[in-house]
Amino acid sequence: MSEGLTWTVYDADSMTAAEIYGEVLCQLAEEDERIVGLSADLAKSTKIGRFGDKYPERFFNAGIAEQNMFGMAAGLAKAGLVPFVSTMAVFTALRAAEQVRTDICYQNLNVKIIATHGGASFGQAGSTHHCTEDLAVMRSFANMTVIVPADGVETAAAVRACLKKDGPVYIRIGRGFEPTYYKNEDYGFEIGRAVTISEGTDITLICCGVCVLAAAEAARILAEDDGLSVRVLNMHTIKPLDEEAVLKAVIETRRIVTFEEHNVLGGLGSAVAEVIAKSGKGCAFEAVGIPDCFCHVGYPEDLYTHYGLDTDGILAKVREVMGKDFEEDEDWEDEI
Amino acid sequence: MALSQKRIDELCDIARGIREDIVDITAWAGGAHIGGALSVTDILVLLYWEVARVDPENPQNPDRDRVILSKGHAGVGYAPVLARKGYFDFGLLKDFNKFMSPFGMHLDSLKVKGVDVSTGSLGHGLPMAVGLALGARLRKKTWTTWCILGDGELNEGSIWEAAMAAAHYKLSNIVTFVDRNRLMIDGPTEEVMALEPLADKWKAYGFNVLSANGHDFAELHAAVEAARKHTTGPSVILADTVKGKGVGFMENEVKWHYGGLSSDLVEKAKESIRAEKAN
Ligand SMILES: Cc1ncc(C[n+]2csc(CCOP(=O)(O)OP(=O)(O)O)c2C)c(N)n1
């Protein structure tokens, strides 16, 4: 449950995820003097500038120097402050990867990273600004918590939750223009606990980020048009992963497809696959995302369509998986 | 030899045309880094029409000079230069930013003819220039590596790591420009992360430091000539420029780092560019 006065202070319909983040951070900072902010010449673009405008003495612009910025954040955390750091995902997870790993994660410091422009959300900018590797990288850093909110509302919930969790947290959002799924924060966001968007017994779609809204819509259509019972999980926390929810899906639906705005290697799909493999139970599985290539140039909506991450893509993938008759395989029934 | 007035006038005409192209492409693209593209235009025009050894007929000519637009976000200003030089058809730029276009905001060396190095993440150009220059020396090639840096980009430590290496290896076959327009995204360079005394910094790193008005072809050209005469190490030309140059309402306006243009604004911008000629 969301606590305090918080979740009515922004208007999710007229604000982007990044703007909501900026707003929520300002509120939190009012109550918690340990909070400081950092950006690397992207204060405006990432919206942490809102915090900077309100608390100029608690905000540090590192200039275009991401490695230095994450080192500075580590120092500030060592000094007892709680740095919120924002730049684009690619300059966080790749450019400054070692500072994040060695300065922040290795020392288990209380640094909260809100990385924007994740996945292909800045599609027009090309591969230098896409980031389809961050979940793989961040997930492999010990001590790190990795969250991919479904939309702006969930971003607000995640930002609040990360402050209560000691240690480093990586929250990956888009460019901020994505449509929202949630109406308010009152649905019980909890780090490490998947949210069931719809119950189902035929197949489970495990999603994060923009794919949550698309999958919810697909599930509704599949129920109406195909008579399918589709479970949709919003797996906002990639690490620690809600293994219980995955195992339940393995046993109760026997088919799992993951959808994420990330390389199919190393992210949500891989995390889910690890749990399935460990379980020793039979389960049809597919991971949908960017198929281990550098993503095309284009507006994000076009790219989501191309890579099968929009509602139509999800519908097609579910129909394909449901059409396979692996249930006829001899030992399918014995596996459980 | 100094440039003739006639040649300077020709270069000015070409630059005005490129600036109009930038306005058009920005409108087609739905948005682009127009401010920093307009500030770097004259440097690119001087390179491509006057001083760099380029071969549009044979973009992979092994003896060509290498050009690295390290401030890769100015791709919207680089693409029309390459098109007007004949590397590809200008009409292709109507698809700038669009789905599966070879042209994203930051040009991709595998997709766009004439682009030697993919850039867009700041602070990568000068290190690659050092590699190209070392490679030229090793392979006994005479090409020059030209590298264009943003001033905000100089915040990146990798630039100074590369500067140290360029001087260490005495790479006189590198000529670097700094597009010193004094603005980055969050504000003026001196307010966000102060760079001055900038010439002293480059000197301390072992560079031959030259300066020029980055919109004056005679001065830019003279600086390049001086850089070429310096044979004991790398040179840097600090080019004083104006972000948004040529479009009155964009000049020195930080908000025009990145933007889109409605058809009204396209006309207004072009009028402004043409009016400069009258003055
Ligand atoms: C490593 C990296 N960090 C951040 C960015 C985002 N970014 C794009 S342009 C820009 C400002 C560049 O300023 P400057 O180098 O002065 O270029 P100009 O003002 O000439 O456009 C920033 C921060 C980037 N492209 N690369």
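No experiment lies behind these values; they were computed from the predicted model shown.

**Notes on the site of the ligand**
Thought 1: Neighbouring residues of the ligand: 24 residues in total, closest A:E66, B:K71, B:H73, B:D151 and B:K243.
Thought 2: Within the side chain of B:K71, one N or O atom sits 2.7 Å away from an oxygen atom of the ligand.
Thought 3: Here an oxygen atom of the ligand sits 2.8 Å away from a polar atom, N or O, in the main chain of B:G152.
Thought 4: With the chains in place, 99% of the 590 Å² that the ligand exposes on its own is no longer accessible.
Thought 5: Per-class residue counts for the shell around the ligand are six nonpolar, nine polar and nine charged.

**Structural notes on the domain arrangement of chain A**
All names here are of chain A.
Thought 1: Once the domains are mapped, chain A shows domain 1 (9–172) and domain 2 (195–324).
Thought 2: At the boundary of domain 1 with domain 2, total buried surface from both sides reaches about 2100 Å², with 55% on carbon and sulfur atoms.
Thought 3: At the boundary of domain 1 with domain 2, the tally comes to one salt bridge.
Thought 4: Taking the shortest distance from any N to any O, the salt bridge between E274 and R139 comes out at 2.9 Å.
Thought 5: One can count 18 residue pairs in polar contact (both at pLDDT 80 or more) joining domain 1 with domain 2.
Thought 6: In terms of residue count, the dominant contributor to the side of domain 1 that touches domain 2 is helix α7 (residues 134–139) (four residues).
Thought 7: Of the residues assigned to the side of domain 1 that touches domain 2, the class counts are 12 nonpolar, 11 polar and five charged.

**What to know about the pattern of salt bridges**
A side chain of one charge can pair with a side chain of the opposite charge when the charged atoms of the two come close.
Residues and elements named next belong to chain B.
Thought 1: All chains considered together, the criterion is met by 36 salt bridges over all chains.
Thought 2: When the shortest N-O distance is used, the salt bridge between K270 and D24 registers 2.8 Å. A residue pair is termed long-range when its members are at least 10 positions apart, and K270 in helix α9 (residues 263–278) and D24 in helix α1 (residues 5–29) qualify at 246 residues.
Thought 3: K270 sits in the buried class, given a relative accessible area of 11%.
Thought 4: Judged by relative accessible area, which is 18%, D24 ranks as buried.
Thought 5: Residue D151 pairs with R180 through a salt bridge whose shortest N-O separation is 3.0 Å. Residue D151 is located in the loop between β2 (145–150) and α5 (157–168), and its partner R180 is located in strand β3 (residues 174–180); the two are separated by 29 residues in the primary sequence.
Thought 6: Here the salt bridges do not stand alone but share partners, grouping D151, R180, R182, E190 and E196 into one network.

**What to know about the packing of aromatic side chains**
All names here are of chain B.
Thought 1: In total, this model carries 13 aromatic pairs over all chains according to the counting rule given.
Thought 2: Ring centres of W160 and W202 lie 4.7 Å apart, and the angle between their planes is 45°; this geometry places the pair in the tilted category. Of this pair, W160 sits in helix α5 while W202 sits in helix α7 (residues 198–204); the two residues are 42 residues apart in sequence, bridging distant segments of the chain. Both residues of the pair, W160 and W202, count as buried.

**Comments concerning the environment of B:L132**
All names here are of chain B.
Thought 1: For L132, the position within the fold is in helix α4 (residues 125–138).
Thought 2: Here L132 falls in the partly exposed class, since its relative accessible area comes to 21%.
Thought 3: Spatially, the C-alpha atom of L132 lies 24 Å from that of D42, the residues being 90 residues apart in sequence.
Thought 4: Aside from chain neighbours lying at most four places away, what touches L132 is R66, I68, V117, W143 and T145.

What counts and what doesn't
Residues numbered from 1 in each chain as written. Chains lettered and ligands numbered in written order. Predicted model: local features only at pLDDT ≥ 70, side-chain atom pairs only at ≥ 80, totals over all residues. Heavy atoms only, no water. Near = heavy atom within 4 Å. Polar contact = N/O pair within 3.5 Å; in protein donor to acceptor, adjacent residues only side chain to side chain. Areas by Shrake-Rupley, 256 points an atom, 1.4 Å probe, with all protein chains shown as cover. Nonpolar A, V, L, I, M, F, W, Y, C, P; charged D, E, K, R; others polar. Domains from an automatic or database assignment. Buried area = accessible area lost by both parts, 1.4 Å probe. Salt bridge = Lys/Arg side-chain N within 4 Å of Asp/Glu carboxyl O. Helix = DSSP H or I, 4+ residues; strand = E, 2+ residues; numbered from the N terminus. Buried < 20%, exposed > 50% of the residue type's maximum accessible area, 1.4 Å probe, protein only. Phe/Tyr/Trp six-rings, centres within 6.5 Å; stacked < 30°, edge-to-face > 60°. Contact = heavy atoms within 4.5 Å.

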